[in-house]
Amino acid sequence: MSSVKKGLGKVEVALRWDPSPMGAPEHDLDIVAAAYTTGAGYADPEYVVHFDSRSPDGTITLNRDSRTGQGFGYDEVMTLEFDRLAATYTRVVVGVVIQQNDGRKTFGDIQNTGVRIAEGYTELATSDLGEAAGGTAATIAEFTRDPETGTWEFRSTIRGFDADPTSFTAQLSALS
């Protein structure tokens, strides 16, 4: 019996971290996603979803945006609905960035960071962001659409950057 490769449908990216110690400035981490169209390759994204926003068509949504890390488990969650994303989109890159409000903080400075990428009950990847400990931002996933079948595929890619939220969105384009 053969099966048809269905690709990815609805994917959830979740982020957790411990709040800062009492009296210290708050840690604010954010999930960021950049969507690219056919022919854009590694140029500027068509749009970027971050900081409590959603894509124009509603297929990529930041459902929960924590500014402190307080809560149980994963405090910030983004949903990507690849099964509804228009055929003109061929690539989505997802990353995490630390708001640098009160001095430079890296992932190594923040306790208990974690990322989980799942489709339904299937866990696609998890990371404690240790691979990017010296970074202030990191790419965590690349999703690409197969040009022949139209199915979406996932690639885990933890890569640290020394960037603020504004410059990081530009660096998402450079991921290869």
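Residues numbered from 1 in each chain as written. Predicted model: local features only at pLDDT ≥ 70, side-chain atom pairs only at ≥ 80, totals over all residues. Heavy atoms only, no water.

By the naming in an unreviewed UniProt entry, the chain is TerD family protein, taken from Streptomyces solicavernae.

Colleague: It is not clear to me how the overall build of the chain should be interpreted in this structure. Could you clarify?
Modeller: When helices and strands are tallied, the chain shows one helix and ten strands. For the chain, the N- to C-terminal ordering of α and β elements is β-β-β-β-β-β-β-β-β-β-α. In the chain, which comprises 176 residues, the proportion classed as buried is 49%. For the chain, contacts bridging at least 24 residues in sequence account for 65% of all contacts bridging at least 6. Surface exposure of the chain reaches about 8700 Å², of which carbon and sulfur atoms provide 48%. (Helix = DSSP H or I, 4+ residues; strand = E, 2+ residues; numbered from the N terminus. Buried < 20%, exposed > 50% of the residue type's maximum accessible area, 1.4 Å probe, protein only. Contact = heavy atoms within 4.5 Å. Areas by Shrake-Rupley, 256 points an atom, 1.4 Å probe, with all protein chains shown as cover.)

Colleague: Help me understand the side chain of Ser55 in this model?
Modeller: Looking at the element boundaries, Ser55 is found in the loop between β3 (47-49) and β4 (60-64). A relative accessible area of 1% places Ser55 in the buried class. In contact with Ser55, other than residues within four places in its own chain, are Tyr47, Val49 and Ile60.

Colleague: Could you clarify how one ought to interpret the sheet that holds strand β6 (residues 89-98) in this entry?
Modeller: Taken in spatial order, the five strands make up an open sheet running β3-β2-β6-β9-β10, and their pairing is antiparallel. Each edge of the open sheet carries a strand with a single partner, namely β3 and β10 (152-161). Adjacent strand axes in the sheet meet at a mean angle of 20°, parallel and antiparallel pairs treated alike. Two strands pair when backbone bridges link them, and β6 and strand β9 (residues 137-145) are joined in this way by seven bridges, in the antiparallel orientation. What sits directly across from Gly95, in β9, is Thr139. (Pairing = 2+ DSSP bridges. Axes fitted to C-alpha atoms, helices over the stretch in contact; angles between N-to-C directions.)

Colleague: Please explain the pattern of salt bridges as it appears in this structure.
Modeller: Where charged atoms of side chains with opposite charge meet at close range, the side chains can pair. This model, assessed by the stated rule, comprises five salt bridges. Between Glu81 and Arg84 there is a salt bridge, and its shortest N-O distance comes to 3.7 Å. Residue classification places Glu81 among the buried positions, given a relative accessible area of 18%. For Arg84, a relative accessible area of 46% corresponds to the partly exposed category. Three or more residues joined by partner-sharing salt bridges are found here, namely Arg91, Glu142 and Arg155. (Salt bridge = Lys/Arg side-chain N within 4 Å of Asp/Glu carboxyl O.)

Colleague: How should unusual backbone geometry be read in this particular structure?
Modeller: Negative phi characterises most residues that are not glycine, and trans characterises most peptide bonds. A positive phi is found at Asn112, a non-glycine position, where the angle reads about 60°. Along the chain, Asn112 falls in the loop between β6 and β7 (114-119). Unusually for a residue other than glycine, Leu129 sits at a positive phi of about 65°. Residue position: Leu129 is located in the loop between β8 (122-127) and β9.

Colleague: Looking at this structure, how should I read the confidence of the model for the chain?
Modeller: In regions of low pLDDT, the predicted coordinates are not meant to be interpreted in detail. When the pLDDT values of the chain are averaged, the result is 83; 86% of them are 70 or greater. Here residues 1-5 scores under 50 on pLDDT; set against residues more than four positions off or in separate chains, the count is two contacts. (pLDDT = per-residue confidence, 0-100.)

Colleague: I keep staring at the nonpolar core and nothing clicks. Help me out?
Modeller: Nonpolar side chains in soluble globular proteins tend to end up buried together. Among the nonpolar cores identified, the biggest contains 33 residues, and Phe82, Val92, Val94 and Phe143 are the most heavily contacted of them. Listing elements by their share of this core, those giving two or more residues are β1 (10-16), β2 (29-37), β3, β4, β5 (76-81), β6, β7 and β9. Here this core gets five residues from one element, more than from any other, and that element is β6. With sequence-adjacent residues up to four places away left out, Val94 is seen in contact with Val13, Ile31, Val32, Ala33, Leu80, Thr139, Ile140, Ala141 and Phe143. (Core = buried A, V, L, I, M, F, W, Y, C linked by side-chain atoms within 4.5 Å.)

Colleague: Can you walk me through the packing of aromatic side chains in this structure?
Modeller: Aromatic ring pairs are reported here in terms of the distance separating the ring centres and the angle at which the planes meet. Evaluation of the coordinates by the stated rule reveals four aromatic pairs. For the pair Phe82 and Phe143, a centre-to-centre distance of 4.7 Å together with 40° between the ring planes defines the contact as tilted. Here Phe82 is found in the loop between β5 and β6, whereas its partner Phe143 is found in strand β9, with 61 residues between them in sequence. Taken as a pair, Phe82 and Phe143 share a single burial class, namely buried. Where Phe82 meets Trp152, the ring centres are 4.7 Å apart and the plane angle is 35°; that geometry is what we call tilted. Taken together, the residues span a long stretch of sequence, with Phe82 in the loop between β5 and β6 and Trp152 in strand β10 at a distance of 70 residues. Residue Trp152 is classed as buried on the basis of its relative accessible area, which comes to 3%. Members of the aromatic cluster, each reached through a chain of ring pairs, are Phe82, Phe143, Trp152 and Phe154. Above the plane of the ring of Tyr36 lies Arg91, whose end atom (NZ or CZ) is 4.6 Å from the centre. (Phe/Tyr/Trp six-rings, centres within 6.5 Å; stacked < 30°, edge-to-face > 60°. Lys NZ or Arg CZ within 6 Å of the ring centre and 35° of its normal.)

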